[in-house]
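# Close look at the chain arrangement
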Amino acid sequence: MIRVSQLTKQIPGGPKVLKGISFDIEPGEFVAIKGASGSGKSTLLRCLAMRESWTSGTYHVNGVDILGKGILGKIKIRREMAYLEAKPVLIKNRSALKNVLIGAVGQTPAWRRLTGMVRNDDYMGAMDMIEKVGLLEKAHQKGDKLSGGEQQRVAIARALVHGATTLLADEPVAGLDPHAAEQVLADLKRMCKIQGVTVIAVMHQGDWAERFADRIIGLNNGELVIDIKGRRLTEREKMLL
Ligand SMILES: Nc1ncnc2c1ncn2[C@@H]1O[C@H](COP(=O)(O)OP(=O)(O)OP(=O)(O)O)[C@@H](O)[C@H]1O
């Protein structure tokens, strides 16, 4: 379980971007973060990924005090949680399969990324995951020949093959056409349901959050103003975001 208590983020000499945010997230939940531009969504996600320092608050993952553990806490987060950017960074001249096998920066040793060397028995796991994200027929296509949605699905497969149990995705369907966006979100949902993967995704545009997420957390000016499960936002709640 992910337990965040009183997370505050003050930019030195600047604004207080997050103001006492608290929530618990169970394994296998698909949580969407909504809020207007500048409300603090990306900062919250980066704090969960430990890519941004916390000004105050406590952060427990499966009972481990992440902030109390210093660098070891950061390593645990990097190992167990994958941060997916809106535009995933793939190695352009390597196939989807190689990209999944080699892993992302921070997940895989540099020598392995540079040489592209992989163990034979890793292939099976990677192909399984590529099949789960519906890209079996594109497994040997080069990274730069994949569409935006396919690249995002390779990034999801890559994160899961390398042991991530939580995906932190910042606008994973931004810039995708509706069909591709639907495929990416359906993949994420399937991973939650079948594999028990936890997904926390910034999804402000359209009604994607209502359609795919189990739960919506809403931010307004750095404060958590909405936390609902299993239903759509009411008109009044939409006005808060
Ligand atoms: N390093 C920083 N220095 C100064 N201000 C910052 C910094 N990081 C974030 N902010 C400010 O904090 C606020 C929240 O930023 P954040 O990127 O988290 O918002 P967001 O909700 O993700 O916005 P968007 O939907 O536009 O991406 C913004 O007003 C932003 O300008």
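Everything numeric in this text was worked out from a predicted model, so none of it was measured.

## Description of the pairing of strand 4 (residues 56-61)
- Pairing between strand 1 (residues 2-10) and strand 4: five bridges, direction antiparallel. Opposite T8, over in strand 4, you have S56 as the bridge partner.
- With two bridges connecting them, strand 4 and strand 5 (residues 64-65) associate as antiparallel partners. Note that in strand 5 the partner of V61 across the bridge is V64.
- Here strand 4 hands over to strand 5 after two residues, with N62 in that stretch at a positive phi of 50°.

## A look at the pairing of strand 10 (residues 223-229)
- Alignment of strand 9 (residues 215-220) against strand 10, held across six bridges, turns out to be antiparallel. Within strand 10, the residue paired with R215 across the bridge is K229.

## Quick notes on the pattern of salt bridges
- Tallied over the entire structure, the rule returns 17 salt bridges.
- As a salt-bridge pair, D24 and R3 come within 2.8 Å of each other at their nearest N and O atoms. Of this pair, D24 sits in strand 2 (residues 16-25) while R3 sits in strand 1, placing them 21 residues apart in sequence.
- Looking at R3, the relative accessible area reads 39%, which means it is partly exposed.

## Topic: the site of the ligand
- In the neighbourhood of the ligand, the contacting residues comprise I11, V17, A36, S37, G38, S39, G40, K41, S42 and T43.
- Taking G38, its main chain carries an N or O atom lying 2.9 Å from an oxygen atom of the ligand.
- At 3.1 Å from an oxygen atom of the ligand is found a main-chain nitrogen or oxygen belonging to S39.
- About the coverage of the ligand: the protein hides 56% of its 630 Å² of free accessible area.
- Broken down by element, the shell around the ligand gets its largest block of residues, three residues, from helix 1 (residues 41-48).
- Its residues assigned to classes, the shell around the ligand comprises three nonpolar, six polar and one charged.

What counts as what
- Residues numbered from 1 in each chain as written.
- Predicted model: local features only at pLDDT ≥ 70, side-chain atom pairs only at ≥ 80, totals over all residues.
- Heavy atoms only, no water.
- Pairing = 2+ DSSP bridges.
- Helix = DSSP H or I, 4+ residues; strand = E, 2+ residues; numbered from the N terminus.
- Salt bridge = Lys/Arg side-chain N within 4 Å of Asp/Glu carboxyl O.
- Buried < 20%, exposed > 50% of the residue type's maximum accessible area, 1.4 Å probe, protein only.
- Near = heavy atom within 4 Å.
- Polar contact = N/O pair within 3.5 Å; in protein donor to acceptor, adjacent residues only side chain to side chain.
- Areas by Shrake-Rupley, 256 points an atom, 1.4 Å probe, with all protein chains shown as cover.
- Nonpolar A, V, L, I, M, F, W, Y, C, P; charged D, E, K, R; others polar.

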